[in-house]
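One letter stands for each residue in the lines below.
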Amino acid sequence: MESLALLEVVVVAVAAGMSFVVSASVGLGGSLLLVPVLVLILGPKEGVGLAALLLGSNNVFKVIAYRRTIPFRAAAMIILLIAAGAALGATAMVHSPPEIVASGVFVAFLGTFVMERTRFDLGRTMFAPVLAFASGATSGFSGTSGPLKGAAIRNLDVDRAHFAGAASVASLVGDLTKTTVFAHAQLLDGWALTILVIVLPLMLLGTLSGFRLNRQLGERAFTVFFWIVMVGYGMRLLTSV
């Protein structure tokens, strides 16, 4: 990872802070905002790698916040399959050309948009274990699992508080798995740790804010900013092929 300009560090910090709030308010979704910003600034592989490190670290705060509503027994199989899928997807990403990774990220976000617009409920047509493994693999390769993780956890048939708890611990395990693979592949260097230290206070603030915010309000704010960033990311992708 090359050294970042001051403006780029500020942009990363702002995007990270917003993604932490969104992620804490619903248990997941931070990658949909953070990954495109980091990919724009750092490139596909380094962006996905740094996102895994930051989101994984933030998930520690989320798990602490939702510790009383984490259905460990009910979510155990989903968590294990997400970790296995994440390891496979992250390994594939490390050994793929940057152009393929960029395309994978774009396809993942496009699929998310289509499914949101058409209200396609994957939970009604596929089993939770299949969704869990697929979400881990997709997240490992593109940095985000899109709607797959949410669909898998919905199959647990839990209330909103336990959904957020299950999503938080599942995200923690998946992101730490990816971070381990990326660190071994030397995608994370001293600058990644510097960024982590810079945004560490934002993780605490974002988790506290998201935990208290109405989940729907957080999702609305996220949706607007997310698709603004997606326009910029799509333009970069088009000009790089």
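What you see is a predicted model; the values in this text were computed from it and never measured. (Residues numbered from 1 in each chain as written. Predicted model: local features only at pLDDT ≥ 70, side-chain atom pairs only at ≥ 80, totals over all residues. Heavy atoms only, no water.)

Student: Explain the nonpolar core to me, and be specific about the residues and the numbers.
Tutor: Leu 34, Leu 38, Leu 50, Leu 54, Phe 182, Ile 195 and Val 199 are the most contacted members of the largest nonpolar core, which has 33 residues in total. A total of 7 residues in this core trace back to one element, the largest contributor, which is helix α3 (residues 44-65). Core analysis: the second largest hydrophobic core is formed by 19 residues, Ala 132, Ala 151, Ile 153 and Val 169 among them. (Core = buried A, V, L, I, M, F, W, Y, C linked by side-chain atoms within 4.5 Å. Buried < 20%, exposed > 50% of the residue type's maximum accessible area, 1.4 Å probe, protein only. Helix = DSSP H or I, 4+ residues; strand = E, 2+ residues; numbered from the N terminus.)

Student: I'd love a proper account of a nonpolar patch on the surface, names of residues and values included.
Tutor: Together, Leu 6, Leu 7, Val 10, Val 11, Val 14 and Met 18 make up a nonpolar patch on the protein surface, roughly 550 Å² of accessible area in all. Considering the arrangement of structural elements, one finds Leu 6 in helix α1 (residues 6-26). Among the residues examined, Leu 6 registers a relative accessible area of 69% and is labelled exposed. (Patch = residues over 30% accessible without salt bridge, like charges linked within 9 Å, V, L, I, M, F, W, Y side chains within 5 Å. Areas by Shrake-Rupley, 256 points an atom, 1.4 Å probe, with all protein chains shown as cover. Salt bridge = Lys/Arg side-chain N within 4 Å of Asp/Glu carboxyl O.)

Student: Run through the packing of helix α4 (residues 72-94) against helix α8 (residues 160-184), naming residues and quoting values.
Tutor: Where α4 meets α8, the axes come as close as 8 Å, and the angle between the chain directions of the two elements is 25 degrees. One way to sum up the angle between α4 and α8 is to call them roughly parallel. Remark: the crossing between α4 and α8 carries right-handed chirality. In this structure, α4 uses Phe 72, Ala 75, Ile 79, Ile 82, Ala 83, Ala 86, Ala 87, Ala 90, Thr 91, Met 93 and Val 94 to contact α8, whose residues at the interface are Ala 166, Val 169, Ala 170, Val 173, Gly 174, Thr 177, Lys 178, Val 181 and Phe 182. Residues that form the contact of α4 with α8 fall into these classes: 16 nonpolar, 3 polar and 1 charged. (Axes fitted to C-alpha atoms, helices over the stretch in contact; angles between N-to-C directions. Parallel < 35°, antiparallel > 145°, perpendicular 65-115°, else oblique. Left-handed = near helix turned anticlockwise from the far one by under 90°. Contact = heavy atoms within 4.5 Å. Nonpolar A, V, L, I, M, F, W, Y, C, P; charged D, E, K, R; others polar.)

Student: Describe the packing of aromatic side chains, naming the residues involved and giving the relevant values.
Tutor: Tallying each qualifying case throughout the model produces 1 aromatic pair. Judged by centre distance (5.0 Å) and plane angle (70 degrees), the ring pair of Tyr 66 and Phe 211 falls under edge-to-face. Of this pair, Tyr 66 sits in the loop between α3 and α4 while Phe 211 sits in helix α9 (residues 190-212), and the two are 145 residues apart along the sequence. The class of Tyr 66 is buried, set by a relative accessible area of 4%. (Phe/Tyr/Trp six-rings, centres within 6.5 Å; stacked < 30°, edge-to-face > 60°.)

Student: Which residues make up the packing of α3 against α9, and what values do they have?
Tutor: Two quantities define a packed helix pair, namely the angle between the axes and the distance from one axis to the other. The geometry of α3 relative to α9 is characterised by a closest axis approach of 9 Å and an angle of 35 degrees between their N-to-C directions. Regarding α3 and α9, the two cross each other, and that crossing is right-handed. Residue-level inspection shows Leu 50, Leu 53, Leu 54, Ser 57, Asn 58, Phe 61, Lys 62 and Ala 65 of α3 in contact with α9, the latter providing Ala 192, Ile 195, Leu 196, Val 199, Leu 200, Met 203, Leu 204, Thr 207 and Phe 211. For the contact of α3 with α9, the class distribution of residues is 13 nonpolar, 3 polar and 1 charged.

Student: Residues and numbers for the environment of Gly 27, please.
Tutor: Secondary-structure assignment places Gly 27 in the loop between α1 and α2 (30-42). Separated by 143 residues in sequence, Gly 27 and Ala 170 place their C-alpha atoms 9.3 Å apart. What Gly 27 contacts, discounting residues up to four positions off in sequence, is Lys 62, Ala 164, Ala 167, Ser 168 and Ser 171.

Student: Before we move on, can you summarise the environment of Val 94 with the specific residues and values?
Tutor: If you trace the backbone, Val 94 turns up in helix α4. A sequence separation of 87 residues divides Val 94 from Val 181, and the C-alpha atoms of the two residues are 8.3 Å apart.

Student: Got a sec to walk through the environment of Val 37? Specific residues and values, please.
Tutor: Its location among the elements puts Val 37 in helix α2. Linking Val 37 and Val 11, residues 26 residues apart in sequence, is a C-alpha distance of 8.1 Å.

Student: Quick one: what's the story with α2, residue by residue and with numbers?
Tutor: Helix length check: α2, at 13 residues, gives a terminal C-alpha distance of 18 Å against a target of 18 Å (1.5 Å per residue), a fit within 8%. Across the 13 residues that make up α2, a large majority, 11, are buried. Along α2, the residues classified as buried are Gly 30, Ser 31, Leu 32, Leu 33, Leu 34, Val 35, Pro 36, Val 37, Leu 38, Val 39 and Leu 42. At the exit of α2 stands Gly 43, carrying a positive phi of roughly 105 degrees. (Expected span 1.5 Å × (residues − 1).)

Student: Please set out the side chain of Ser 168 residue by residue, giving values where relevant.
Tutor: Structurally, Ser 168 can be placed in helix α8. For Ser 168, the contacting residues outside a window of four places in its chain are Gly 27, Asn 59, Lys 62, Val 63 and Tyr 66.

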